[in-house]
Structures are given as C-alpha cells and as structure tokens.
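Chain by chain, the residues:
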Amino acid sequence: MGKIVLRLDRMMVERKISLGELAERVGISNVNLSKIKNNKVTAIRFSTLAAICEVLECQAGDILEFQQDEE
C-alpha cells in the first residue's frame with residue numbers, strides 16, 4: 001500500500017514564508033508545524049490543512065502527494 005507524503009516544505013520555499021510566520025498565521029505551535037513539515041505525523045486535521053492552504057494560497061493537492069510503495 002502507498003502512503004501520503006506532505007510537501008509543505010516545498011510550498012513554504014515557493015511562498016518564501018518561514019516556519020515561525022506560517023505557524024503564527026495558521027494558529028498552531030512551531031513544534032506541531034515542524035512535525036507536519038517533516039512528515040512526522042500520521043494524521044492532520046482538515047481545519048489545519050485548510051488554514052495552511054489559506055495562508056499559502058494553494059490547494060491541498062499542492063501539499064499532499066501520494067507515493068506508491070516500491071515492490
């Protein structure tokens with residue numbers, strides 16, 4: 001089975017926004033945003049994803065990527 005990978009780091013670079021600024025504007029802690037950015041989470045609330053997309057002016061598909069497992 002494949003997995004979902006978060007590409008938040010890529011979008012943050014494209015939008016030229018720091019972790020601290022994004023965390024503040026989204027309303028979550030730097031630690032939690034860092035975990036999302038570094039794919040250290042197994043779930044993300046839709047409300048958090050929506051807030052990130054709103055701040056970064058992007059679609060969820062710009063941040064989420066499906067990777068097929070190699071067999």
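In this text the structure is predicted, and so the values were computed from the model without any measurement.

## Remarks on the environment of Cys58
With respect to the secondary-structure elements, Cys58 resides in the loop between helix 4 (46-56) and helix 5 (60-63). Counting along the chain gives 40 residues from Cys58 to Ser18, while the straight-line C-alpha distance between them is 16 Å. Excluding its chain neighbours within four sequence positions, the residues that come into contact with Cys58 are Met11, Arg15, Cys53 and Ile63.

## Observations concerning the packing of helix 1 (residues 8-15) against helix 3 (residues 30-37)
Contact geometry of helix 1 with helix 3 gives a least axis separation of 8 Å together with a crossing angle of 110 degrees. As the angle between them shows, helix 1 and helix 3 are arranged roughly perpendicular. Contacts between helix 1 and helix 3 involve Leu8, Asp9 and Met12 on the former and, on the latter, Leu33, Ile36 and Lys37. Classifying every residue of the contact of helix 1 with helix 3 by side-chain character gives four nonpolar, no polar and two charged.

## Some details on the nonpolar core
Core analysis: the largest hydrophobic core is formed by 18 residues, its most contacted members being Leu8, Leu22, Ile52, Leu56 and Ile63. Every element with two or more residues in this core is listed here: helix 1, helix 2 (19-26), helix 3 and helix 4. In terms of residue count, helix 4 provides more of this core than any other element does, six residues in total. What Leu22 contacts, discounting residues up to four positions off in sequence, is Leu8, Met12, Ile17, Leu33, Val55 and Leu56.

## Focus on the pattern of salt bridges
Under the counting rule described, the total for this entry stands at three salt bridges. Taking the shortest distance from any N to any O, the salt bridge between Glu65 and Arg7 comes out at 3.3 Å. Taken as a pair, Glu65 in strand 2 (residues 64-67) and Arg7 in the loop between strand 1 (3-6) and helix 1 lie far apart in primary sequence, 58 residues in all. Here Arg25 makes a salt bridge to Glu21, at a shortest N to O gap of 3.4 Å. A residue pair is termed a helical-turn pair when its members lie 3 or 4 positions apart in one helix, as Arg25 and Glu21 do in helix 2 at four residues. Connected through shared salt-bridge partners, Arg7, Arg10 and Glu65 make up one network.

Parameters and conventions
Residues numbered from 1 in each chain as written. Predicted model: local features only at pLDDT ≥ 70, side-chain atom pairs only at ≥ 80, totals over all residues. Heavy atoms only, no water. Helix = DSSP H or I, 4+ residues; strand = E, 2+ residues; numbered from the N terminus. Contact = heavy atoms within 4.5 Å. Axes fitted to C-alpha atoms, helices over the stretch in contact; angles between N-to-C directions. Parallel < 35°, antiparallel > 145°, perpendicular 65-115°, else oblique. Nonpolar A, V, L, I, M, F, W, Y, C, P; charged D, E, K, R; others polar. Core = buried A, V, L, I, M, F, W, Y, C linked by side-chain atoms within 4.5 Å. Buried < 20%, exposed > 50% of the residue type's maximum accessible area, 1.4 Å probe, protein only. Salt bridge = Lys/Arg side-chain N within 4 Å of Asp/Glu carboxyl O.

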